[in-house]
Amino acid sequence: MEKMNHAFEKMKMMVGMEVEEEEQRAAEEEESSLSFMDDLNRDCALTTKQRFYGFAICLSAGLTCTLLSMLVFFNPVKFGITFTLGNLMALGSTAFLIGPQRQVTMMLDPARIYATALYLASIIIALFCALYVRNKLLTLLAIILEFSGLIWYANLSYIPFARTMVSKVFMTCFDTEF
């Protein structure tokens, strides 16, 4: 929209109409100060009721895909695609509740940046193995990695003290002295 206004102002200048420089300067400053996420949040203004509907629909579709993936468990390629699609929809559902900017900000928080990176990388690896490599063993390993990333991202990075508790459990279980 801003580009169209800028082009319209240029057309006015070419035709000989006067263009107020202050308006042009203010528009350029405003355009440069807005980031992608600000534009996205401004365009995604939903009412509370719409947010809950979007969340419920997206989460239901995600859970349905994840549960339906169990029907094709013995075909790892189909399983990988439906399971990953379900995870993506469930992850996207939370953006309806808290907004896309806050979702991305929370995902990139220093406390959970590694969990987010592992989870998103495992989703990409699972889709790559399922769609392009089409190797059942690699797809199954990628799905295990994706499920591990999902557990780490969804549970251990959002629940207070969950990482500390799991670390202590693993240290207790695997602490062996030879």
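Parameters at a glance
Every chain's residues receive numbers from 1 upward, in the order its sequence appears when written. A pLDDT threshold of at least 70 governs which residues receive local features in this predicted model, and a stricter bar of 80 or more applies before side-chain atom pairs are shown or counted, although totals over entire chains, interfaces and linings include all residues. The basis for every side-chain value is the complete set of heavy atoms in the structure, and neither hydrogens nor water enter the calculation. pLDDT is a residue-level measure of predictor confidence that goes from 0 to 100. For the purposes of this entry, the term helix denotes a DSSP run of H or I that reaches at least four residues, the term strand denotes a run of E that reaches at least two, and both are numbered from the N terminus. UniProt positions are given in the numbering used here, feature names are shortened, and annotations may be inferred rather than shown by experiment. In this analysis the probe radius is 1.4 Å and the grid spacing 1 Å, with only protein atoms considered; a cavity is a set of points the probe fits into but cannot get out of, a pocket is an open set with protein on both sides within 12 Å along at least five of seven lines, and lining residues have an atom within 4 Å of a point. Grid points are joined across faces, edges and corners, and a volume is the space filled by probe spheres set on the points. The classification used treats Ala, Val, Leu, Ile, Met, Phe, Trp, Tyr, Cys and Pro as nonpolar, Asp, Glu, Lys and Arg as charged, and all other residues, Gly among them, as polar. A fitted line through C-alpha atoms serves as each axis, taken over the contacting stretch for helices, and the angle formed by two N-to-C directions is quoted from 0 to 180°. Each angle gets one of four labels, with under 35 degrees taken as roughly parallel, over 145 as roughly antiparallel, 65 to 115 as roughly perpendicular, and the rest as oblique. For any pair of crossing helices, the crossing counts as left-handed if the nearer helix is rotated counterclockwise from the farther one by less than a right angle, and right-handed if it is rotated clockwise. In what follows, residue pairs with any heavy atoms lying within 4.5 Å of each other are defined as contacts. Geometry of aromatic contacts follows a simple scheme: Phe, Tyr and Trp rings, the Trp one being its six-membered ring, pair when their centres are within 6.5 Å, and the pair is stacked under 30 degrees between planes, edge-to-face over 60, tilted otherwise. Buried means the residue's accessible area, taken with a 1.4 Å probe over protein chains only, is under 20% of the maximum for its type, while exposed means over 50%, and partly exposed covers the values in between.

A. Spatial organisation of the confidence of the model for the protein. Scored by pLDDT, the protein comes out at a mean of 80, with 76% of its residues at no less than 70. Per-element confidence in the protein ranges from a low mean pLDDT of 53 for helix α2 (residues 21-33) to a high of 91 for helix α4 (residues 48-69).

B. Quick peek at the UniProt feature "transmembrane region" (unreviewed entry) in the protein. UniProt tags residues 52-73, 79-99, 111-133 and 139-161 as "transmembrane region" (unreviewed entry). Here residues 79-99 runs as 95% helix and 0% strand, with 30 Å between its end C-alpha atoms.

C. Layout of the layout of surface pockets. Empty space within the largest pocket amounts to approximately 290 Å³. Lining the largest pocket are 16 residues, and of these A90, L91, T94, L150 and A154 sit closest to its centre. When residues of the lining of the largest pocket are assigned to their parent elements, the largest contribution, six residues, is made by helix α5 (residues 76-98). Among the residues making up the lining of the largest pocket, the classes are represented as eleven nonpolar, five polar and no charged.

D. Region of interest: the packing of α5 against helix α7 (residues 113-133). Their axes nearest at 9 Å, the elements α5 and α7 cross at an angle of 150°. Overall, the two elements α5 and α7 adopt an arrangement that is roughly antiparallel. Read as a crossing pair, α5 and α7 show a hand that is left-handed. When α5 is examined against α7, the residues V77, I81, T84, N87, L88 and L91 are found in contact with a partner set consisting of Y119, L120, I123, A126, L127, A130 and L131. Of the residues assigned to the contact of α5 with α7, the class counts are eleven nonpolar, two polar and no charged.

E. Representation of unusual backbone geometry within the structure. Positioned with a positive phi, R134 is a non-glycine residue whose angle comes to about 55°. Relative to the assigned elements, R134 resides in the loop between α7 and α8 (136-156).

F. Expanded view of the packing of aromatic side chains. For the structure shown, the criterion picks out seven aromatic pairs. Ring centres of Y119 and Y153 lie 5.5 Å apart, and the angle between their planes is 5°; this geometry places the pair in the stacked category. Taken together, the positions of Y119 in helix α7 and Y153 in helix α8 put the pair 34 residues apart, joining distant regions of the chain. Of the two residues, Y119 and Y153, neither departs from the other in class, the shared state being buried.

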